[in-house]
Amino acid sequence: MDRLRAMELFLSVSQTRSFSETARLFGISATAVSRMITEFEDGLQVKLLLRSTRQVSLTESGQEYAAQLEGILWTINQAHTSITAISSAPQGRLRVHARTMFGQRVLPGLIARFRQAHPEILVELLLSETKVDLVKNNIDIDFRISPPVEAGVKRRMLFHSQRYLVASPAYVDKMPAIHKPADLLQAQCLAYYLPGKDHIWHFKNDAGVEDIRFSPRHLTNNGIALLELAKLGEGIALLDDYTVYPDLAAGNLVRLLPDYVVSNTTFEEGMFATIVDSAIIPAKVKLFLDFVASQVAGEAQRFALPAANAPH
């Protein structure tokens, strides 16, 4: 019996809940699928599936085994891909996920440059405001603004950053003077939506840490929208330094309370490239990560990238 094929068939059935759909995906008969999984169960001496005339469900052992197989088979496929790539130039599809602001302000220019040097690699860029499951969503690289905490992944910090409190010059001219964090309670603040959390900004200086809890004038889960609201004079926003740098340089925004380090989450700010923790890193992944790191290392480069990509 082909144990690896049996594993693949079982995992497919666990996901589709269908012998016929799995048979279609693998180009064999449903009878063959059922027979191979039955032989596999006999070899394990464990019942993985509960079969009936209407549906297929997993036993408790089957659920646990399917969860483990997902990562195992992904690693095997990645190892095969990496070994195959040794004899040829890296090529194929590279699926990249990023937060919207970083994905719009920084990555387009990098991808364009990378594509010129490596036209055989297709970078598929996906943007959202939530982190993704790398294995389940078939993502090669996830760019995150906070370090990953889940098991089974590893990170590479590309750069450190801070978050700046910013507002438009027009709003600064008419708002009460801001000399200390508590003064923000008299101002209009724009909040980034974090599910299940209050609206709090954390301030740190030599005197310690101070938290300011506020009621937002506007609330959004999109960094680009938050930036535009601030530029329109709707209030004070907290945004990553490299994303607001072009507007600060152009005079579209003003930085407030520059003597404080400010965050709405943690003070460990930066950009983290997150990949699945495996013994072999696919050549195309390593190539892209090394390229991105070479382009964003240092304050001058990471500030220059958003300026080059910003709308004119």
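Fair warning: this is a prediction, and the values are worked out from it, not measured in the lab.

Reading the values: the criteria
- Residues numbered from 1 in each chain as written.
- Predicted model: local features only at pLDDT ≥ 70, side-chain atom pairs only at ≥ 80, totals over all residues.
- Heavy atoms only, no water.
- Pairing = 2+ DSSP bridges.
- Helix = DSSP H or I, 4+ residues; strand = E, 2+ residues; numbered from the N terminus.
- 1 Å grid on protein atoms, 1.4 Å probe; cavity = no way out; pocket = protein on both sides within 12 Å on 5 of 7 lines; lining within 4 Å.
- Points joined across faces, edges and corners; volume = space filled by probe spheres on them.
- Nonpolar A, V, L, I, M, F, W, Y, C, P; charged D, E, K, R; others polar.
- Buried < 20%, exposed > 50% of the residue type's maximum accessible area, 1.4 Å probe, protein only.
- Contact = heavy atoms within 4.5 Å.

**What about the pairing of strand 9 (residues 200-205)?**
Then, number 1: Where strand 9 meets strand 10 (residues 208-213), 6 bridges bridge the pair, whose relative direction is antiparallel. When the sheet's bridge partners are listed, Trp201 is paired in strand 10 with Ile212.
Then, number 2: Pairing of strand 9 with strand 14 (residues 261-263), which is carried by 3 bridges, proceeds in the antiparallel orientation. Bridge pairing links Phe203 to Val262 in strand 14.

**Examining empty space enclosed by the protein**
Then, number 1: As enumerated under the stated definition, the model contains 1 cavity of 30 Å³ or more in all.
Then, number 2: Its volume calculated, the largest cavity comes out at about 60 Å³.
Then, number 3: Taken together, Trp74, Ile139, Asp140, Ile275, Val276, Ser278, Ile281, Pro282 and Val285 make up the lining of the largest cavity.
Then, number 4: For the lining of the largest cavity, the residue count by class is 7 nonpolar, 1 polar and 1 charged.

**As for the environment of Ile111**
Then, number 1: Tracing the backbone through its elements, the reader meets Ile111 in helix 6 (residues 107-117).
Then, number 2: A residue is classified by how much of its surface remains accessible, and Ile111, at 16% relative accessible area, is buried.
Then, number 3: As for Ile111 and Arg302, which are separated by 191 residues in sequence, their C-alpha atoms are 15 Å apart.
Then, number 4: Ignoring sequence-local partners within four residues, the contact set of Ile111 consists of Val123, Leu125 and Phe288.

**Looking at the environment of Leu4**
Then, number 1: Residue placement: Leu4 occurs in helix 1 (residues 3-16).
Then, number 2: C-alpha separation for the pair Leu4 and Ile76, spaced 72 residues apart in sequence, amounts to 9.8 Å.
Then, number 3: Those residues within four positions of Leu4 in sequence are excluded, and the remaining contacts are Leu73 and Ile76.

**Examining the side chain of Asp241**
Then, number 1: Here Asp241 lies in helix 9 (residues 241-250).
Then, number 2: When residues no more than four places from it in sequence are discounted, the contact partners of Asp241 are Ser161, Gln162, Arg163, Tyr164, Arg302 and Phe303.

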